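Descriptive structure summary
The residues making up each chain are set out below.
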Amino acid sequence: MKTRLHDTGLRVKARQVAAQAQAWRTELSVGLLTTLIGAALLHIAAGVGASVYAASLLSYGLLVCMILHTSPATFRRDGPGLANRVTFLRAALVMPVAAMALLPGHLDAGATYWLLGLAAIALTLDGLDGALARRTGRVTAFGARFDMELDALLILVLALLVWQTGQTGIWVLLIGLMRYLFIAAGWRWSWLQGELPPSRRRQTVCVLQSVALLMALAPVVPAGLASAVALGALIVLSYSFIVDVLWLYRQGSCLAGECR
């Protein structure tokens, strides 16, 4: 009986994923093409080995799995919306960049400049998706989370690349890992899982991290200057997290009846 119920559940889940794939069909095709174009630029123009195709497709496959399993059921009826399409395009641009973090042996100056170009385009499109969501009345929790997770992934990938190119020490990974450490801490201290209010400071700091890491990654920037820029970004990021942690702590204390 349990086996039959399990099999039924798997079939239902498979149908749900297939339905989501149908809703995202255009985006999945455009995203795949964008990822392959990015990989082709790195392979043909920058001389990166053909393994960049496999690494890019692997990254893209993981992205698609995440999308199909987490996007809301309403998308099957209404589609993902223009804002989520822009976010997905940004994600497809990031996939070849993420792939290069898996291929550190190919990180010469030529490849790095192409990575800077792809990452800069993805960063330029950041903010457009949110503006479109508000303009079209399609603001959703999924869209906000998708945008936030993509920003976090790009920052982590850029931090990895900066370290792998030798521009800074391994400490630069703290910039990319800090949000994930914050989430992990929430598993131990539940008050860290509280909902933070919208913050212009937080958005500005997020953009600052990406810009600082792009600058540090540029081959024309000396290692000393790259380290100084990345360290400044890390200090600002740490300050922002401290502000949020203190706010959540006060909110948790108030809920516990200890508010003064």
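Structural notes, computed from the coordinates. (Residues numbered from 1 in each chain as written. Predicted model: local features only at pLDDT ≥ 70, side-chain atom pairs only at ≥ 80, totals over all residues. Heavy atoms only, no water.)

Looking now at the overall build of the protein. Helix and strand counts for the protein come out as 11 helices and zero strands. Traced from its N-terminal end to its C-terminal end, the protein shows the element sequence α-α-α-α-α-α-α-α-α-α-α. Residues classed as buried in the protein amount to 43% of the 260 residues present. Excluding contacts between residues fewer than 6 apart, the proportion of contacts in the protein whose partners are at least 24 apart in sequence is 81%. As displayed, the protein offers around 13800 Å² of accessible surface, 68% of which is attributable to carbon and sulfur atoms. (Helix = DSSP H or I, 4+ residues; strand = E, 2+ residues; numbered from the N terminus. Buried < 20%, exposed > 50% of the residue type's maximum accessible area, 1.4 Å probe, protein only. Contact = heavy atoms within 4.5 Å. Areas by Shrake-Rupley, 256 points an atom, 1.4 Å probe, with all protein chains shown as cover.)

Looking now at the packing of helix α2 (residues 25-45) against helix α6 (residues 109-125). Contact geometry of α2 with α6 gives a least axis separation of 10 Å together with a crossing angle of 160°. If you check the angle between α2 and α6, you find them roughly antiparallel. Here α2 and α6 pass one another in a crossing that is right-handed. Contacts between α2 and α6 pair Gly 38, Leu 41, Leu 42 and Ala 45 from the former with Ala 111, Trp 114, Leu 115 and Leu 118 from the latter. Class assignment of the residues belonging to the contact of α2 with α6 gives a composition of seven nonpolar, one polar and no charged. (Axes fitted to C-alpha atoms, helices over the stretch in contact; angles between N-to-C directions. Parallel < 35°, antiparallel > 145°, perpendicular 65-115°, else oblique. Left-handed = near helix turned anticlockwise from the far one by under 90°. Nonpolar A, V, L, I, M, F, W, Y, C, P; charged D, E, K, R; others polar.)

The nonpolar side chains of a soluble globular protein tend to be buried with one another. One finds Trp 24, Leu 63, Phe 88, Met 100, Leu 161, Ile 175 and Leu 213 to be the most contacted residues of the largest nonpolar core, which totals 68 residues. Not counting the four nearest positions on each side in its chain, Leu 63 is found in contact with Phe 88, Ala 91, Ala 92, Met 95 and Phe 146. (Core = buried A, V, L, I, M, F, W, Y, C linked by side-chain atoms within 4.5 Å.)

Attention shifts here to the pattern of salt bridges. Per the stated rule, a full pass over the model turns up nine salt bridges. As a salt-bridge pair, Arg 90 and Asp 151 come within 2.7 Å of each other at their nearest N and O atoms. Highlighted residues: Arg 90 in helix α5 (residues 81-101) and Asp 151 in helix α8 (residues 141-164), separated in sequence by 61 residues. Assigned by exposure class, Arg 90 and Asp 151 land together as buried. Across the salt bridge formed by Asp 244 and Arg 202, the nearest N and O atoms sit 3.0 Å from each other. Here Asp 244 is found in helix α11 (residues 223-255), whereas its partner Arg 202 is found in helix α10 (residues 200-217), with 42 residues between them in sequence. For Arg 202, a relative accessible area of 25% puts it in the partly exposed group. Connected via shared salt-bridge partners are Arg 90, Asp 126, Asp 129, Asp 147 and Asp 151. (Salt bridge = Lys/Arg side-chain N within 4 Å of Asp/Glu carboxyl O.)

With that settled, consider a nonpolar patch on the surface. Taken together, the side chains of Leu 33, Ile 37, Leu 41 and Trp 114 define a hydrophobic patch exposed on the protein surface, amounting to about 360 Å² of accessible area. Broken down by element, the nonpolar patch gets its largest block of residues, three residues, from α2. Tracing the sequence through the fold places Leu 41 in helix α2. (Patch = residues over 30% accessible without salt bridge, like charges linked within 9 Å, V, L, I, M, F, W, Y side chains within 5 Å.)

This paragraph deals with α10. Quick reminder: α-helices carry 3.6 residues per turn. Residues three or four places apart thus point the same way. Compared with an ideal rise of 1.5 Å per residue, which puts 18 residues at 26 Å, α10 spans 26 Å between its outermost C-alpha atoms and is within 8% of the ideal. Among the residues making up α10, those that are buried are Val 205, Gln 209, Ser 210, Ala 212, Leu 213, Leu 214, Ala 216 and Leu 217. Between a side-chain oxygen at the N-terminus of α10 and the backbone nitrogen of Arg 201 the separation is 3.2 Å; the capping residue is Ser 199. (Expected span 1.5 Å × (residues − 1). Polar contact = N/O pair within 3.5 Å; in protein donor to acceptor, adjacent residues only side chain to side chain.)

On the secondary structure map, Gln 209 appears in helix α10. For Gln 209 and Asp 151, which are 58 residues apart along the polypeptide, the C-alpha to C-alpha distance reads 9.9 Å. Discounting residues that sit within four places of it in the chain, Gln 209 has contacts with Ile 155, Ile 175, Ala 233, Leu 234 and Leu 237.

Counting across every chain of the model gives six aromatic pairs. Centroid distance Trp 24 to Phe 142: 6.4 Å. Interplanar angle 65°. Geometry classified as edge-to-face. On the criterion of sequence distance, the pair formed by Trp 24 in the loop between α1 (2-23) and α2 and Phe 142 in helix α8 is long-range, its members being 118 residues apart. The pair formed by Trp 24 and Phe 142 is uniform in burial state, with each residue classed as buried. Consider the rings of Tyr 60 and Phe 88, whose centres lie 6.1 Å apart with planes at 70°: the pair is edge-to-face. A residue pair is termed long-range when its members are at least 10 positions apart, and Tyr 60 in helix α3 (residues 51-70) and Phe 88 in helix α5 qualify at 28 residues. The pair Tyr 60 / Phe 88 is uniform in exposure class, with both members buried. (Phe/Tyr/Trp six-rings, centres within 6.5 Å; stacked < 30°, edge-to-face > 60°.)

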